[in-house]
Amino acid sequence: MARHGCLREMYEASKKDDWPGIGIVSRKFSLKTFHDELKDICGFFPDDTFDTIRIIACNPFQSTSIAESFDAHPMHTDASFSVEQLEKFVLHFKRLDENAGGVSTFIPVQWLLDKIPQKHKEILEQVKFTYARAGSKGNSKPAAAPILQWKSAIDYVFRWRLDDKVRPLAMDAHDIDIDNAINWVNQFLINTTPLMYRAQRDDTILIDNRRFLHGRTALSQSSSRIVWRAWIK
Ligand SMILES: [Fe+2]
């Protein structure tokens, strides 16, 4: 992880080849300033479901969004249902969990690629999956795309989400080999100790959504944690 002095510096660093994939800026923002700076620096990823700056507060009565759940978030990439690939997003930690819950967790996709058996990897590269969300109002046309897409010999995109709301569904084919590949990835992510970052209040972290899966630990009961999330260009 790399520390930066301001959002613009962090974003510029994220475009360089040597960027480690996660950056941090510690600075207090109002919602308007946060929005306006991001709009000016990079602009926002087109999305028909969430606000440009999504205010994520936890709600014990929610039933549709895992982001608002108190449970731990399993490893995933954001916007897995989107036709256009989301490359980067930011999280701003406006208010922390009072009891040290909600620690950010990350697993580099490369760790998975280093271990995955070839037969499973080929399924991820060749079979198109969709991450359609049951009962969703937006995202009427979820992407049908391989989980692992190579943009060049070294540059890839990874789409992943598997939780109690959404899971990868093979579009045309369905067989035991596909199930085995999905199960292997899921077990790998469950059994791998992630990188962890305990965000401080007013931290903004920028994450490479192609090369890192992310999640968080569970929140404490009645946590008042608030995170602002923005999908950016
Ligand atoms: Fe996420």
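Residues numbered from 1 in each chain as written. Predicted model: local features only at pLDDT ≥ 70, side-chain atom pairs only at ≥ 80, totals over all residues.

A.B. asks: How would you explain the overall build of the protein if you had to name every residue and give the values?
C.D. replies: Of the regular secondary structure elements, the protein holds five helices and 14 strands. Relative to the compact-globule value of 17 Å for 233 residues, the protein shows a C-alpha radius of gyration of 17 Å, a close match. Expressed along its principal axes, the backbone C-alpha trace of the protein runs to roughly 50 × 40 × 35 Å. Here the protein holds 233 residues, and 31% of them are scored as buried. (Helix = DSSP H or I, 4+ residues; strand = E, 2+ residues; numbered from the N terminus. Rg over C-alpha atoms; globule rule 2.2 N^0.38 Å. Buried ≥ 20, exposed ≤ 12 C-beta atoms within 10 Å, placed from the backbone.)

A.B. asks: I'd like a rundown of the sheet that holds strand 4 (residues 73-76), residues and numbers included.
C.D. replies: In space, the four strands of this open sheet follow the order 4-13-6-11, with antiparallel pairing throughout. Each edge of the open sheet is held by one strand with a lone partner, namely strand 4 and strand 11 (195-197). Strand-to-strand twist of the sheet, defined as the mean angle between neighbouring strand axes without regard to direction, takes the value 20°. (Pairing = 2+ DSSP bridges. Axes fitted to C-alpha atoms, helices over the stretch in contact; angles between N-to-C directions.)

A.B. asks: An account of the sheet that holds strand 3 (residues 53-57) is needed here, citing residue identities and associated values.
C.D. replies: In space, the six strands of this open sheet follow the order 1-2-12-5-14-3, with mixed pairing throughout. Among the strands making up the open sheet, the edge pair consists of strand 1 (2-4) and strand 3. For this sheet, the mean angle separating the axes of adjacent strands, direction not counted, is 25°. Packed on one face of the sheet, helix 1 (residues 7-14) meets strand 1, strand 2 (22-26), strand 5 (88-95) and strand 12 (203-208) and runs near 170° to strand 2. Contacts from helix 2 (residues 31-41) reach strand 3, strand 5 and strand 14 (226-232), with the element oriented near 15° to strand 14. (Contact = placed C-beta atoms within 7 Å.)

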